Amino acid sequence: MKKAVLFVCVENSNRSQMAEALARIHGGDVVEAYSAGSRPSGRVNPKAIESMRELGYDLSKHGSKSLAEIPDVEYDLVAMMGCGDACPFVRAKVREDWQIPDPKNMELAEFRAVRDLIESKVKMALTKIGVDKCKAVSQKN
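Undergrad: What exactly am I supposed to notice about the overall build of the protein here?
TA: In terms of regular secondary structure, the protein is built from 4 helices and 4 strands. Along its sequence from the N terminus, the protein presents helices and strands in the succession β-α-β-α-β-β-α-α. Burial analysis of the protein (141 residues in total) assigns 48% to the buried set. For the protein, the computed accessible surface area is about 7,100 Å², with 51% contributed by carbon and sulfur atoms.

Undergrad: When you look at the nonpolar core in this model, what are you seeing that I'm missing?
TA: It is characteristic of soluble globular proteins that their nonpolar side chains tend to be buried jointly. Among the nonpolar cores identified, the biggest contains 31 residues, and Val5, Phe7, Leu59, Ile118 and Val122 are the most heavily contacted of them. Elements with a minimum of two residues in this core: β1 (3-9), α1 (15-27), β2 (31-37), α2 (46-53), β3 (77-80) and α3 (108-128). Considering each element in turn, this core owes the most residues, 6 residues, to α3. In contact with isoleucine 118, other than residues within four places in its own chain, are Arg15, Met18, Ala19, Leu22, Met81 and Ile100.

Undergrad: Would you explain the pairing of β3 in this entry?
TA: Two faces, one strand: in a regular strand the side chains alternate between the faces of the sheet. Residues Leu77 and Ala79 point to one face of β3 and Val78 and Met80 to the other, with burial holding for every one of them. Where β1 meets β3, 4 bridges bridge the pair, whose relative direction is parallel. Bridge pairing links valine 5 to leucine 77 in β3. The pairing of β3 with strand β4 (residues 95-97) spans 3 bridges and is classified as parallel. Within the sheet, the bridge partner assigned to valine 78 lies in β4 and is arginine 95.

Undergrad: So what exactly am I meant to see when it comes to the environment of glycine 130 here?
TA: Tracing the backbone shows glycine 130 in the loop between α3 and α4 (133-140). Taking relative accessible area as the criterion, glycine 130 reaches 56% and is therefore assigned exposed. Separated by 54 residues in the primary sequence, glycine 130 and aspartate 76 place their C-alpha atoms 9.6 Å from one another.

Undergrad: I keep staring at the packing of α2 against α3 and nothing clicks. Help me out?
TA: With their axes 10 Å apart at the nearest point, α2 and α3 run at an angle of 65 degrees to one another. Relative to α3, α2 is oriented roughly perpendicular. In this structure, the crossing between α2 and α3 has a hand that is right-handed. Side by side, α2 and α3 meet where Lys47, Ala48, Glu50, Ser51 and Met52 of the first sit next to Leu108, Phe111 and Arg115 of the second. Residue classes in the contact of α2 with α3 are distributed as 4 nonpolar, 1 polar and 3 charged.

Undergrad: Help me understand the confidence of the model for the protein, please; the structure alone is not making it clear to me.
TA: Any residue range with low pLDDT should be treated as having predicted coordinates unsuitable for detailed reading. In the predicted model, the protein carries a mean pLDDT of 89, and 89% of its residues have values of at least 70. When the elements of the protein are averaged for pLDDT, α4 gives the smallest value, 50, and α1 the largest, 96.

Undergrad: Teacher, can you tell me more about the packing of aromatic side chains here?
TA: Tallied over the full model, the rule gives 2 aromatic pairs. Where phenylalanine 7 meets tryptophan 98, the ring centres are 5.8 Å apart and the plane angle is 50 degrees; that geometry is what we call tilted. Separated by 91 residues along the polypeptide, phenylalanine 7 in strand β1 and tryptophan 98 in the loop between β4 and α3 bring together distant segments of the chain. Judged by relative accessible area, which is 1%, phenylalanine 7 ranks as buried. Look at tryptophan 98 and you get buried, because its relative accessible area is 4%. Aromatic side chains tyrosine 34 and tyrosine 75 sit 6.0 Å apart centroid to centroid with 80 degrees between the ring planes, which places their arrangement in the edge-to-face category. One end of the pair, tyrosine 34, is in strand β2; the other, tyrosine 75, is in the loop between α2 and β3, and 41 residues separate them in sequence.

Calculation notes
Residues numbered from 1 in each chain as written. Predicted model: local features only at pLDDT ≥ 70, side-chain atom pairs only at ≥ 80, totals over all residues. Heavy atoms only, no water. Helix = DSSP H or I, 4+ residues; strand = E, 2+ residues; numbered from the N terminus. Buried < 20%, exposed > 50% of the residue type's maximum accessible area, 1.4 Å probe, protein only. Areas by Shrake-Rupley, 256 points an atom, 1.4 Å probe, with all protein chains shown as cover. Core = buried A, V, L, I, M, F, W, Y, C linked by side-chain atoms within 4.5 Å. Contact = heavy atoms within 4.5 Å. Pairing = 2+ DSSP bridges. Axes fitted to C-alpha atoms, helices over the stretch in contact; angles between N-to-C directions. Parallel < 35°, antiparallel > 145°, perpendicular 65-115°, else oblique. Left-handed = near helix turned anticlockwise from the far one by under 90°. Nonpolar A, V, L, I, M, F, W, Y, C, P; charged D, E, K, R; others polar. pLDDT = per-residue confidence, 0-100. Phe/Tyr/Trp six-rings, centres within 6.5 Å; stacked < 30°, edge-to-face > 60°.

Pasting the structure below:
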């Protein structure tokens, strides 16, 4: 059975988008990853697209979504990205608030550092909810 994970921020244009992509990369076929924003910007930041392209993921196909557009299910993990925004109640077995700096106006090198911080948090969170990396990789291939 797949694990459902959700990453939430205000605009759904940077941090939550990268977290969703990284959960897809590291969770493989055993994770169903989503991201959303309380006030979505309507677009994904080009720096987020570029920084994920460097990892071999095409974020240009993603769109900025609202919380109303995600499935109404109980998520195995909901991670707030430290946006300081109040999130409407989303059912979750595990809820975390990650204090991730907003990379929106950062230079690309700093943006990459934020992406790498998100990646480490995603990996730890997937392990916490029982996603076995070997299983995720073998099911992805």
